[in-house]
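Single-letter residue listing:
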Amino acid sequence: MEASWWKSSKFWLMWVGYIIALAAWYASVKWLPIDSFNRLPDPWSVAKEWFSPDPAYGMSIFTPIYYQHIFYSVYRATASFVLAVVLGVPLGILMAWSPKFDAYASALVGLLRPIPPLAWIPLAILIFPGIELAVIYVTFLVAFFATVMNTYVGVKSIDQDYFRAALSLGSKPRDILRHVIVPGALPNIFTGLQIAMGAAWFSLAAGEMIAAQYGLGFMIFESYNLIQFPTIVIGMATLGIAGYVSSAIIRVVGNKLMRWRVQSFGIGG
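Residues numbered from 1 in each chain as written. Predicted model: local features only at pLDDT ≥ 70, side-chain atom pairs only at ≥ 80, totals over all residues. Heavy atoms only, no water.

*Asks:* I would appreciate a short explanation of the environment of glycine 192 in the present structure.
*Replies:* By secondary structure assignment, the location of glycine 192 is in helix α9 (residues 173–211). With a relative accessible area of 0%, glycine 192 lands in the buried category. Counting along the chain gives 43 residues from glycine 192 to glycine 235, while the straight-line C-alpha distance between them is 26 Å. Beyond its immediate sequence surroundings of up to four residues, glycine 192 is in contact with Ala146 and Asn150. (Helix = DSSP H or I, 4+ residues; strand = E, 2+ residues; numbered from the N terminus. Buried < 20%, exposed > 50% of the residue type's maximum accessible area, 1.4 Å probe, protein only. Contact = heavy atoms within 4.5 Å.)

Structural data, given as structure tokens:
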């Protein structure tokens, strides 16, 4: 019988890693003879602020404004991610499946993909009414390109023998899409979705720092302007937790879907 998750060595090694990181953080702030490090808050100061019913800088798990920032960021990241999936997966499949369409689209995708998300913010503000759509658009772009490219690689990695076998059996294009392309590319697609979600949080924080009034990125930048260093770390930690949880949800869903595909082929138990 498989051991409980809290009894596994992986679980305890994970916590050892956290403890080592916290110890290194504390030592860097308290003991290193570097003035810039000495100005940073230590883990204990951040924890006291984060979990205080009466925080010195007005931001903790007991303050409604903290959850308002989280809500705006989660909403923007989720909306951007859903748009990236709806548009990016079909585009990646079509590019990999049709050489003619790939010739048209790959050059444009290759040209736009390296542009940093911050470079899109001025154009996004000019194009879209209001700040909200501009931030979502900038966040969507990064997740979109990650989704497209991983879907493209996933379809391209499918053995051509499967396509030839399907055609020889009289399969129509929709049958090939359903029974060959989607199950064959699924592992790469979900890997891409995890990358896309992480990239969405990365670009979201940058967009919120420049063009938003709420959100974790705005919270971090505003705390920097107000010299509230513990709140900066609280915002960064919250971003990390939110990104990790959202990627973990995608990973769990992907594992369940791929287990279903394996069982449907009669390979798994």
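More follows now that the structure is in view.
*Asks:* What's the story with the nonpolar core in this structure? I'm lost.
*Replies:* Soluble globular proteins: nonpolar side chains tend toward being buried together. Met95, Phe144 and Trp201 are the most contacted members of the largest nonpolar core, which totals 57 residues. Top contributing element to this core by residue count: α9, with 15 residues. With residues near it in sequence (within four places) discarded, tryptophan 201 still touches Ser73, Val74, Ala77, Leu216, Leu239, Ala242, Gly243 and Ser246. (Core = buried A, V, L, I, M, F, W, Y, C linked by side-chain atoms within 4.5 Å.)

*Asks:* What is the right way to look at the packing of aromatic side chains in this model?
*Replies:* How two aromatic rings sit relative to each other is set out by the distance from centre to centre and by the angle between their planes. Summed over the entire model, instances satisfying the criterion amount to 13 aromatic pairs. Aromatic pair tyrosine 137 and phenylalanine 140: ring centres 6.5 Å apart, planes at 35°, arrangement tilted. A residue pair is termed a helical-turn pair when its members lie 3 or 4 positions apart in one helix, as tyrosine 137 and phenylalanine 140 do in helix α7 (residues 131–156) at 3 residues. By relative accessible area, phenylalanine 140 is classed as buried at 10%. Grouping aromatic residues by their ring pairs yields a cluster made of Trp120, Phe128, Tyr137, Phe140, Phe144 and Phe145. (Phe/Tyr/Trp six-rings, centres within 6.5 Å; stacked < 30°, edge-to-face > 60°.)

*Asks:* Would you take a moment to explain the side chain of serine 223 for this structure?
*Replies:* Structurally, the position occupied by serine 223 is in helix α10 (residues 216–225). The class of serine 223 is buried, set by a relative accessible area of 3%. Polar side-chain contacts of serine 223 include one of 2.7 Å to the backbone oxygen of methionine 219. (Polar contact = N/O pair within 3.5 Å; in protein donor to acceptor, adjacent residues only side chain to side chain.)

*Asks:* What is the right way to read helix α1 (residues 9–30) from this model?
*Replies:* An α-helical turn contains 3.6 residues, so any two residues separated by three or four positions project in the same direction. The end-to-end C-alpha distance of α1 is 31 Å, a good match for the 32 Å that 22 residues give at a rise of 1.5 Å each. For α1, every residue scored as buried is listed here: Phe11, Ser28 and Val29. Buried residues in α1, looked at end-on, bunch into an arc of 120°, giving them a common side. Among the exposed residues of α1, those oriented more than 90 degrees off its buried face are Ser9, Trp12, Leu13, Ile19 and Ile20. (Expected span 1.5 Å × (residues − 1). Arc of directions from axis to C-beta.)

*Asks:* Sorry if this is basic, but what is going on with the pattern of salt bridges here?
*Replies:* Oppositely charged side chains can pair when the atoms bearing their charge come close. Under the counting rule described, the total for this entry stands at 4 salt bridges. Put simply, aspartate 161 and arginine 164 hold a salt bridge, and the shortest N to O gap is 2.4 Å. Of this pair, aspartate 161 and arginine 164 both sit in helix α8 (residues 160–168), 3 residues apart, roughly one helical turn. Taking the relative accessible area as the measure of exposure, arginine 164 reaches 51% and is therefore exposed. A cluster of three or more residues bridged by salt bridges with shared partners is formed by Arg76, Glu132 and Glu208. (Salt bridge = Lys/Arg side-chain N within 4 Å of Asp/Glu carboxyl O.)

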